Amino acid sequence: MSLGFDLEHPDIVGIDFRSSHSLLDYELVIWDPSHVLSEYRRDYSGTYRGLPLLHEDDSSLVLEELRRRRDEILELLRLGGCVAIFCSAPHRFFRATGEKEFSGTGRNRQTTSIVSDASVAAAFPLEVELIKAEGRRMDFRGDPSFGAFWRKHEGALRYRAYLKEPVGRTQAVIRRTTRAVAAVARVDQGWVALLPDIDYEGLSDDAIVKRNREVGSGVLEMLRTLRSDAEEFRLPRWTSEYRLAAENDARITLQKREESVKRAVGRRDRVRRELADLEQKKLLFSASGPALEVQVRHVFEGLGFTVEDAEESGRTDLVLKDEGVTAVVEIKGLTKSAREANAAQLEKWVSLELEKTAIRPKAILVVNGFCEQPLRDRDPNVFPSQMLPYASAREHCLMTGIQLLGAWVAVSRDAGRAADIRRSILSCVGRYEGFDDATAFLDFSMTESRSREGGES
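Model, not experiment: these values are computed from the prediction.

On to the side chain of Lys-362. When you line up the elements, Lys-362 lands in strand E19 (residues 362–368). Separated by 2.4 Å, the side chain of Lys-362 and the backbone oxygen of Cys-428 make a polar contact. If we ignore the near neighbours within four places in the chain, the residues touching Lys-362 are Thr-326, Ala-327, Val-328, Glu-395, His-396, Cys-397, Ile-425, Leu-426, Ser-427, Cys-428 and Val-429.

Okay, here's the thing in structure tokens:
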């Protein structure tokens, strides 16, 4: 998160790092890099060598977005603006390069993703290398213009990193050392202030808000002081009434570029949402409880069923309607195979519906069996033979989460198949036949993927 300030219109505006909102709208910017990585999705493994590992899709964007923000900050400084950066940590991470190595064939084929390390500091407007360290004992070693801020707010700050090499003019150091934890540097026509992090330890939520407001106001005042030192480079407002011919052309080009970026960011965000929705469908073969139930509901809706929540207290199962036929659904995510007890629970919902309407509904049992195991390691017999007589005698339809996913994929590819699939589910007795081969709608080439950096992870 960044905060932008316009000296002529002193409103404070929060700006997400990945948003299309330009920092060039402002003259003073406060940036906390510790929030940047939270805006990016992680890879399924989450970390690599103890550092965050970004999802492959976001990995392709992160370097471009770091460059975009750095270019904006540099342009802001060229125009005489000021930037304050909280140096809370080195913020290194790993990203997928897009390169892959393959071994094996068929279902045994293994894909190795190649990763490389990067740092949020790539968006800094000057070369800074941070060393992770933490403490509160600091000594002021700086200029009078920085000293007013330091004297007032030193107790609200703590360092979480120090500068490996001096940058600009050192303002504060770790006590009894020369390790800089605060510095001010002139960059082009503007100023950059590198600051220790805000200390929140032991504070209540209200106290945190108050401290943020107080320190933020102090930083703003300090930036204004720094900026006043550069006023000789600031054009008077009346100069905006005169434009060079090339300036007009440049402004028109800039406006077109900004509009193009905004449209591109909007398209990217739509695709990102679509991708997130698609990935959620994998809960059909990996989840249990409410997460599984939500996806089962979405899929039945996608197949064209009218879906209702069951009314009985404590139930999370569904009631389906289709062309005058009613069905009740029991949903289970299990670490083992299904059991007759699951079919008995389903029969209880059948009885309740029968009492209410005097019409016996169709019974559907959806089970995500062996849900904690990778697909390649699962026993395909989710519904063992010993439960079939009980379920078949009561005309239960027995489906797996994988089969339901396959049905959804089929309808997403060809909407004309929806009615036939609904009929096949409602007429099924015993194990559902269809969509048993997951390789027909899932790509197994990424199984046993291992991340590496120039080698095996």
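So, on to the pattern of salt bridges. Under the criterion given, the structure shown has 29 salt bridges. In this structure, the salt-bridge partner of Asp-143 is Arg-169, at a minimum N-O distance of 2.7 Å. Taken as a pair, Asp-143 in the loop between strand E10 (138–140) and helix H2 (144–153) and Arg-169 in strand E12 (residues 169–174) lie far apart in primary sequence, 26 residues in all. Residue Arg-169 is classed as partly exposed on the basis of its relative accessible area, which comes to 38%. The shortest N-O distance in the salt bridge between Arg-376 and Asp-377 comes to 3.9 Å. Under the relative-accessibility criterion, Arg-376 is labelled partly exposed at 38%. What you see here is one network of salt bridges that share partners, running through Arg-18, Arg-41, Asp-57, Asp-58, Glu-65, Arg-268, Asp-269 and Glu-279.

Moving on to the pairing of strand E13 (residues 180–187). Extensive coverage of E13 is indicated by the burial of seven of its eight residues. Both E12 and E13 contribute to a ladder of four bridges, which runs antiparallel. Across the sheet, the residue bridging to Ala-172 is Ala-182, located in E13. If you look at the hairpin formed by E12 and E13, you'll find five residues sitting between the two strands, and Arg-176 has a positive phi there, around 65°. In terms of strand pairing, E13 meets strand E14 (residues 190–195) through five bridges, oriented antiparallel. What sits directly across from Ala-183, in E14, is Leu-194. Following E13, the chain reverses through two residues before pairing antiparallel with E14; Asp-188 in that reversal takes a positive phi of roughly 55°.

The next point concerns the packing of helix H5 (residues 289–302) against helix H8 (residues 401–413). At their nearest, the axes of H5 and H8 sit 10 Å apart, and the two run at 40° to each other. Our pair here, H5 against H8, has a crossing hand that is left-handed. In this structure, H5 contributes Val-296, Val-299, Phe-300 and Gly-302 to the contact, and H8 contributes Leu-404, Trp-408 and Val-411. Class assignment for the residues of the contact of H5 with H8 results in six nonpolar, one polar and no charged.

In the structure shown here, the tally under the stated rule is eight aromatic pairs. Their ring planes at 70° and their centres at 4.8 Å tell us that Tyr-48 and Phe-94 sit as a pair that is edge-to-face. Of this pair, Tyr-48 sits in strand E4 (residues 42–48) while Phe-94 sits in strand E7 (residues 92–103), placing them 46 residues apart in sequence. Grouping aromatic residues by their ring pairs yields a cluster made of Phe-140, Phe-146, Phe-149 and Trp-150. The ring of Trp-408 carries Lys-281 above its face, with NZ or CZ at 5.0 Å from the centroid. When the ring centre of Tyr-390 is taken as reference, the NZ or CZ atom of Arg-394 above it lies at 3.7 Å.

Here we take up the sheet that holds strand E9 (residues 130–135). Ordered in space as E9-E11-E15, the three strands form an open sheet in which the pairing is antiparallel. Only two strands of the sheet have a single partner each, and these edge strands are E9 and strand E15 (197–198). Where strand E11 (residues 157–163) lies against E15, two bridges are found, and the strand directions are antiparallel. Residue Leu-157 lies in a different strand from E15, and its bridge partner there is Ile-198.

All told, the structure shown has zero disulfides when counted by the stated rule. Looking at the unpaired Cys-428, the closest cysteine sulfur is the one in Cys-397, lying at 3.6 Å. For Cys-428, a relative accessible area of 9% translates into the label buried.

The next subject is unusual backbone geometry. A positive phi is found at Glu-323, a non-glycine position, where the angle reads about 50°. Taking the relative accessible area as the measure of exposure, Glu-323 reaches 66% and is therefore exposed. One non-glycine residue with positive phi stands out, namely Ala-358, at about 65°. Here Ala-358 lies in the loop between helix H6 (340–357) and E19.

Residues Phe-300, Leu-303 and Ile-425 are the most contacted members of the largest nonpolar core, which totals 37 residues. Listing elements by their share of this core, those giving two or more residues are H5, strand E17 (318–322), strand E18 (325–333), E19, strand E20 (396–400), H8 and helix H9 (418–427). For this core, the element with the most residues is H8, which contributes eight residues. Tyr-40, Leu-77, Ala-161 and Val-167 belong to the second largest nonpolar core, which has 36 residues in total.

Attention shifts here to the environment of Val-181. You can see Val-181 is positioned in strand E13. A relative accessible area of 4% means that Val-181 is categorised as buried. Put simply, Val-181 and Tyr-159 are 22 residues apart on the chain and 6.5 Å apart in space, counted from C-alpha to C-alpha. Residues contacting Val-181, with those up to four places away along its chain left out, are Met-138, Tyr-159, Ala-161, Tyr-162, Ala-172, Val-173, Ile-174, Leu-194, Leu-195 and Pro-196.

Further remarks concern H9. Looking at H9, one finds that the buried residues are Ala-418, Ile-421, Arg-422, Ile-425 and Leu-426. Projected down its long axis, H9 shows its buried positions confined to an angular sector of 130°, all on one face. Those residues of H9 that are buried lie in contact with H5, E17, E18, E19, E20 and H8.

A cluster of basic residues, Arg-263, Arg-267, Arg-270 and Arg-273, forms a positive patch at the surface. Tracing the sequence through the fold places Arg-270 in helix H4 (residues 245–280). What makes Arg-270 partly exposed here is its relative accessible area of 44%.

How each quantity is defined
- Residues numbered from 1 in each chain as written.
- Predicted model: local features only at pLDDT ≥ 70, side-chain atom pairs only at ≥ 80, totals over all residues.
- Heavy atoms only, no water.
- Helix = DSSP H or I, 4+ residues; strand = E, 2+ residues; numbered from the N terminus.
- Polar contact = N/O pair within 3.5 Å; in protein donor to acceptor, adjacent residues only side chain to side chain.
- Contact = heavy atoms within 4.5 Å.
- Salt bridge = Lys/Arg side-chain N within 4 Å of Asp/Glu carboxyl O.
- Buried < 20%, exposed > 50% of the residue type's maximum accessible area, 1.4 Å probe, protein only.
- Pairing = 2+ DSSP bridges.
- Axes fitted to C-alpha atoms, helices over the stretch in contact; angles between N-to-C directions.
- Left-handed = near helix turned anticlockwise from the far one by under 90°.
- Nonpolar A, V, L, I, M, F, W, Y, C, P; charged D, E, K, R; others polar.
- Phe/Tyr/Trp six-rings, centres within 6.5 Å; stacked < 30°, edge-to-face > 60°.
- Lys NZ or Arg CZ within 6 Å of the ring centre and 35° of its normal.
- Disulfide = S-S within 2.5 Å.
- Core = buried A, V, L, I, M, F, W, Y, C linked by side-chain atoms within 4.5 Å.
- Arc of directions from axis to C-beta.
- Patch = residues over 30% accessible without salt bridge, like charges linked within 9 Å, V, L, I, M, F, W, Y side chains within 5 Å.
- Areas by Shrake-Rupley, 256 points an atom, 1.4 Å probe, with all protein chains shown as cover.
- Lys, Arg positive; Asp, Glu negative; His and termini not counted.
- Charge placed at Lys NZ, Arg CZ, Asp CG, Glu CD.

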